[in-house]
Amino acid sequence: MMRPAQVAGLAWLRRQMPEPWLAESITAWRAWQMATRADLPKPGARRVVVVIRVACSDDILLHRGLLQVLGLTGLQCVIVLAMPTPAALALVRHEALREGWGLSAVLTTVADCAALLPLLAGNTTVVCFPQPAPLPADLARALAAGEACDAAPGTWDYGVMAGAAATVADLLCPDLALPDPGALAALAEALRNTDLPSEPGGDQERHDEDSTLLPHVAEVEAWLRASEMELPDIHPGDLITVALIEPDGNQSIAAVQPAVLGAGGQALCLPALPRHARPTPRPMQVCAIGRDQVRAARPVNYSLPATALQPSLLTAYLNRGGGGNPVIQAFADGTGCRLAYAEDHTGELPDVPVVWGVLRGSDKILAQARAQDLHYFYIDHAYFDRGHGHSYRIARNAYEAGPVRKVPDDRLKMLDLEIHPWRKGGRNIVVCPPTEFFAAAHGCEDWLDTTLHRLRVETDRPIIIREKPRQGEPWVPLPQALADAHALVTHSSNVAIEAACLGTPVFVAPTSAAAPIGLTDLGMIERPRYPKRQGWLAHLAYGQFTLEEITSGKAWDLLMWQETRGFV
């Protein structure tokens, strides 16, 4: 385990590196990530396992020696990042998975790494950087020539070690030399003077994915347990690659893992990919690549069921302004998920978003989530006990509650709602159009005109248009407005739920939370529905939560519990 002085030494080193130097390291590290995602490992390439000790992901940029190894020609590098504690491992893994490279390297603790390395094939070369250091020139020449470390481990400058896998059990054990001020200064100077290849990974031989590399085999199943994808029948000597098949047919490499380091040679469990947390299946190709050939290539379908969602896969988005930030902050407090500002985000989403409303950048986050086919969570005012500081609704992959699930009525009883019998003798049709903001966000700007035209075709009943009441303006209470109503027509306003509770039949859009007890076809305006409402109301009560429940994490637990319930 790294001592406080060693961690402080790493932080000191980071402060000594000028911005251009760090920028160069960032560019090289990202270039390797892009190269790894672009190409499958080639059978026959010499494999070198490179182990570095880091306390956090920022330390990777100090490891010039690692970036130099990645630039050597003809090597297939397997990177192992060894963290001092499980807590540090969890933080680095979370960040790495969000950034898309968490399955391109092996992330582990120092203790587990020391136990796993001896499981590698005995002639596998292992290079260990216990501290940030340049790659010694003579070791670089040996690695490039394929002559390094076929016997006992050797030690080079700055504590860099290399040896055959069968002899490397203690490579990570020596303490870092960082606490010594003289050693730190000398190391900082050596790092500043270390040049990098123009494109780490760029000198490695590339290949085309053809039928000889990816043999056709019968389709098998990859499945998800909790948040992991389990791949059976893995050979200990394989490199396991997972390639996502893009809509244009191209492949994007999402994972490269040595089987023996991932699961002791029995089966490989890969963490869920945050930026690919999709509810619908997507084709993948899983390859087991041996030293000399692609041993197996399996087409599989990958999706992440809602029951596998975890807070580590989420980002909750605040807004600069508006009233939703307290509940977004409460959601982050209750789940421990990441926080960010919706207005700051550009490009692809790195994981599952949680947003409030549709203004101030939230609409763009939602649009991007749908474009990527990601799960998302939407928070807004509740169905009952509405108002900031009271209760809020939370829906997955929708703006409102969807099909009715089988849940008990305990939360409904707590609301103590008054439910009126259905009214069947009304005369008027009350139309409640969406607001301009709602219509723009949901793409239904012509809803009122279209709805009125259809109603006038289907019925000769009087039509009353009731706009959403505005603060400070006189308005007629809803019970009074519905006193002689045959039906209420709206898009997906909460007024439909209130009307149904008052006993007025409703006609709504399919996306409305009231759709399960209403109708969506205005052609049926003269024949409304009068269904039982108890199960539907219980379902809605399980889709809204008090601010205290959200802050405590109870809301998240209930959301995940609901995903296990069947539909009515």
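Residues numbered from 1 in each chain as written. Predicted model: local features only at pLDDT ≥ 70, side-chain atom pairs only at ≥ 80, totals over all residues. Heavy atoms only, no water.

**Brief notes about the overall build of the protein**
What counts, and what does not: Put simply, DSSP marks the helices as runs of H or I at least four residues long and the strands as runs of E at least two long, and each gets a number from the N terminus on. Working rule for contacts: check all heavy atoms of both residues, and any pair within 4.5 Å makes them a contact. Surface accessibility follows the Shrake-Rupley procedure with a 1.4 Å probe radius. Residue values consider only the protein chains on display as shielding.
Along its length, the protein carries 18 helices and 23 strands. For the protein, long-range pairs separated by at least 24 residues make up 69% of all intrachain contacts whose partners lie at least 6 apart in sequence. Total accessible area on the protein stands at roughly 25,000 Å², and carbon and sulfur atoms take up 52% of it.

**What about unusual backbone geometry?**
Where we set the bar: Think of it in three bands: with a 1.4 Å probe and only protein chains considered, a residue is buried below 20% of the maximum accessible area for its type, exposed above 50%, and partly exposed in between.
Unlike most non-glycine residues, D373 shows phi in positive territory, near 60°. The class of D373 is partly exposed, set by a relative accessible area of 25%. Despite not being glycine, N397 shows a phi value in the positive range, around 60°. By the secondary structure assignment, N397 is in the loop between β18 (391-396) and α11 (410-415).

**Overview of the confidence of the model for the protein**
Filter applied, for reference: One confidence number per residue, pLDDT, is output by the predictor and ranges from 0 to 100.
Taken as a whole, the protein shows an average pLDDT of 83; of its residues, 85% reach a score of 70 or greater. Of the regions scoring below 50 in pLDDT, residues 173-179 engages in 20 contacts with residues more than four places distant in sequence or in other chains. Below pLDDT 50 for its whole length, residues 262-266 participates in 9 contacts with residues either more than four positions away or in separate chains.

**Overview of helix α6 (residues 137-145)**
Selection criterion: This arc is taken over the directions from the axis of the helix to the C-beta atoms.
Among the residues of α6, those classed as buried are L139, A140, A142 and L143. The buried residues of α6 all sit within an arc of 165° when viewed along its axis, so they share a single face. Against β1 (46-53), α3 (64-70), β2 (75-83), β4 (125-129) and β6 (161-164) lie the buried residues of α6. Downstream of α6 by a residue or two, G146 has a phi angle that is positive, lying close to 75°.

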